[in-house]
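# Secondary and tertiary structure notes
The lines below spell out each chain.
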Amino acid sequence: MKVLFFARVREQLDCAGLELPWQPAFCELDALQEHLCQKGANWRDVLSQENIIRAVNHSVVDSSCVLTDGDEVAFYPPVTGG
Amino acid sequence: MKVLFFARVREQLDCAGLELPWQPAFCELDALQEHLCQKGANWRDVLSQENIIRAVNHSVVDSSCVLTDGDEVAFYPPVTGG
Amino acid sequence: MQGKRFQVSVQQADFDVSALQRALMQDNHEEGAIASFTGYVRASNARRDLHTMELEHYPGMTENSIRDILAQASGRWPLLNAGVVHRVGALRPGEQIVWVGVASAHREAAFGACEFVMDYLKTRAPFWKRELGEEGAVWVDARESDTERAKRWLEIDE
Amino acid sequence: MQGKRFQVSVQQADFDVSALQRALMQDNHEEGAIASFTGYVRASNARRDLHTMELEHYPGMTENSIRDILAQASGRWPLLNAGVVHRVGALRPGEQIVWVGVASAHREAAFGACEFVMDYLKTRAPFWKRELGEEGAVWVDARESDTERAKRWLEIDE
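Here goes a summary of the coordinates provided. These numbers come from a predicted model, not from an experiment.

Right, let's get into the arrangement of the chains. Taken together, the three pairs of chains in contact show their highest number of contacts between chains C and D. Separated in space, chain A and chain C share no contact, their closest pair of C-alpha atoms being 10 Å apart.

Structural data, given as structure tokens:
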């Protein structure tokens with residue numbers, strides 16, 4: 001499973017992305033996020049920011065959702081293009 | 001005084017414009033228009049059409065107005081550019 | 001901020017939208033947004049197969065009325081530069097007729113002013129279209145919907 | 001009528017608005033109207049003198065989200081063709097960032113759809129701007145006014 005970070009989130013984590021071997025614990029987005037938060041205090045701080053946007057397979061999700069092996073998950077701040 | 005006709009009005013009158021020597025009778029737009037109507041039945045028909053627009057010195061006027069020697073008056077149908 | 005520039009041209013020749021848009025940019029790079037509109041001669045028509053569109057205008061008044069429309073737009077929105085090019089003469093389907101471009105710091109003003117200028121151009125500037133097709137020449141009728149669109153701006157004022 | 005074509009490009013290279021606009025035209029000359037928007041890097045900023053704007057994006061999702069926005073627009077308005085070009089990488093003040101072009105039979109649809117696409121692009125497509133100036137690099141904050149503008153379209157639906 002691929003996890004990506006963009007912009008300010010990527011910079012704050014000093015990490016552009018991770019490849020995680022699939023675990024049953026990742027079957028929900030909230031559970032995956034909690035797993036990432038356990039990587040350290042900085043990870044918990046950054047991923048707990050209120051305005052963080054989550055996308056699963058290129059679609060923004062408003063609440064937790066079911067994940068399956070091979071999904072691509074991204075965490076990023078509000079967009080500022082255009 | 002210069003009087004101009006455009007588009008359908010010009011075609012219906014078969015006249016693009018006239019140079020009229022100034023007369024005190026032309027001191028009002030309505031009076032000038034009545035003078036033109038007296039040129040023949042066709043002129044009266046064409047210039048009496050309801051949607052005719054009148055411009056004096058490049059500005060559209062909604063009602064009759066005072067004219068002075070040297071003014072440029074135009075009669076034309078609703079515009080269709082753009 | 002440099003002074004506002006209004007470019008107005010009534011011409012037979014075709015035009016290049018890239019060049020027109022570049023001419024709206026100032027050296028100090030204040031522009032964040034350019035909204036533009038280009039009108040084209042459409043091939044299809046309810047009444048006939050169009051082969052040529054003829055555009056007549058009132059020289060002198062045309063340019064004055066377009067400048068007046070641009071001045072009104074710049075009273076409503078914080079514009080930097082704006083331009084209008086309108087072609088006259090004989091045009092074929094697919095050809096460009098009119099271009100309106102508006103530069104501003106932000107897109108809200110650019111979009112609003114561009115649409116306002118087009119609505120007013122359609123109902124105020126002295127241009128007339130005549131369609132030449134298989135059945136001869138026909139003057140285009142003014143559209144009631146254009147008058148209604150132009151009236152919106154008066155309602156917004158109230 | 002030929003099928004609708006959506007052209008989407010995310011690229012480092014600059015673009016030519018004339019060429020992009022020509023690519024929206026079909027051979028059957030159904031288009032009466034093209035509305036377009038071009039966004040530029042502004043020089044001035046509340047916080048600092050900008051010397052470079054860096055644009056990051058989420059490859060793959062960016063293109064998908066833009067196509068989704070165009071599909072939504074074509075569900076709302078009778079569009080013929082539409083295109084979006086968005087640059088990424090390092091840009092200087094005065095440079096073009098984004099272009100949106102919409103072709104339709106009439107101007108109402110072209111203007112509406114062009115503004116809709118820009119509003120959604122600003123609030124949905126995964127791009128991020130970072131400003132480099134004398135005081136270092138700063139991520140640009142999302143504007144509340146952009147969120148409000150995008151919400152307008154939901155209110156129109158109700």
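Here we take up the pattern of salt bridges. Residues and elements named next belong to chain A. In the structure shown here, the tally under the stated rule is 36 salt bridges over all chains. For the salt bridge of Arg-44 with Glu-34, the shortest nitrogen-to-oxygen distance reads 2.9 Å. Placement of the pair is Arg-44 in helix α3 (residues 41-47) and Glu-34 in helix α2 (residues 29-37), with a sequence separation of ten residues. For Glu-34, a relative accessible area of 32% translates into the label partly exposed.

All right, on to the relation of the copies chain D and chain C then. Here chain D sits on chain C after a turn of 180 degrees about the axis and a move of 0.0 Å along it, with an RMSD of 0.0 Å. Overall, the copies show the geometry of a two-fold rotation axis. The share of interface residues of chain D whose copies in chain C are also at the interface is 100%, consistent with both copies meeting through the same surface.

We now examine the sheet that holds strand β1 (residues 5-11) of chain D. Spatial strand order, β1(C)-β4(C)-β6(C)-β2(C)-β2(D)-β6(D)-β4(D)-β1(D): eight strands in an open sheet with mixed pairing. Bordering the open sheet on either side are β1 (5-11) of chain C together with β1 of chain D, each of which pairs with just one other strand. Strand-to-strand twist in this sheet, taken as the mean axis angle between neighbours without regard to direction, amounts to 5 degrees. One ladder, built from seven bridges, connects strand β4 (residues 79-87) of chain C with strand β6 (residues 96-104) of chain C; its direction is antiparallel. From the neighbouring strand, His86(C) faces β6(C), where its bridge partner is Val98(C).

Attention now moves to the interface of chain D and chain C. When the parts of a complex come together, some accessible area is lost, and that lost area is often taken as the interface size. Contacts between the two partners involve 38 residues from chain D and, on the opposite side, 38 residues from chain C. When the buried area of chain D at its contact with chain C is split by residue, Arg42(D), Arg107(D) and Phe111(D) rank highest and sum to 23% of it. Where chain D meets chain C, there are eight salt bridges. In this structure, the salt-bridge partner of Arg42(D) is Glu30(C), at a minimum N-O distance of 3.7 Å. Here chain D and chain C share 20 residue pairs in polar contact (both at pLDDT 80 or more) between them. Those elements giving two or more residues to the side of chain D that touches chain C turn out to be α1 (17-22), β2 (33-40), α3 (107-124) and α4 (144-157) of chain D. The residue inventory of the side of chain D that touches chain C, partitioned by class, reads 14 nonpolar, twelve polar and twelve charged. For strand β2 (residues 33-40) of chain C and β2(D), the ladder comprises seven bridges, and the chain directions are antiparallel. Bridge assignment links Ser36(C) to a residue of β2(D), and that residue is Ser36(D).

Definitions and cut-offs
Residues numbered from 1 in each chain as written. Chains lettered and ligands numbered in written order. Predicted model: local features only at pLDDT ≥ 70, side-chain atom pairs only at ≥ 80, totals over all residues. Heavy atoms only, no water. Contact = heavy atoms within 4.5 Å. Salt bridge = Lys/Arg side-chain N within 4 Å of Asp/Glu carboxyl O. Helix = DSSP H or I, 4+ residues; strand = E, 2+ residues; numbered from the N terminus. Buried < 20%, exposed > 50% of the residue type's maximum accessible area, 1.4 Å probe, protein only. Least-squares fit on C-alpha atoms with pLDDT ≥ 70 in both. Pairing = 2+ DSSP bridges. Axes fitted to C-alpha atoms, helices over the stretch in contact; angles between N-to-C directions. Buried area = accessible area lost by both parts, 1.4 Å probe. Polar contact = N/O pair within 3.5 Å; in protein donor to acceptor, adjacent residues only side chain to side chain. Nonpolar A, V, L, I, M, F, W, Y, C, P; charged D, E, K, R; others polar.

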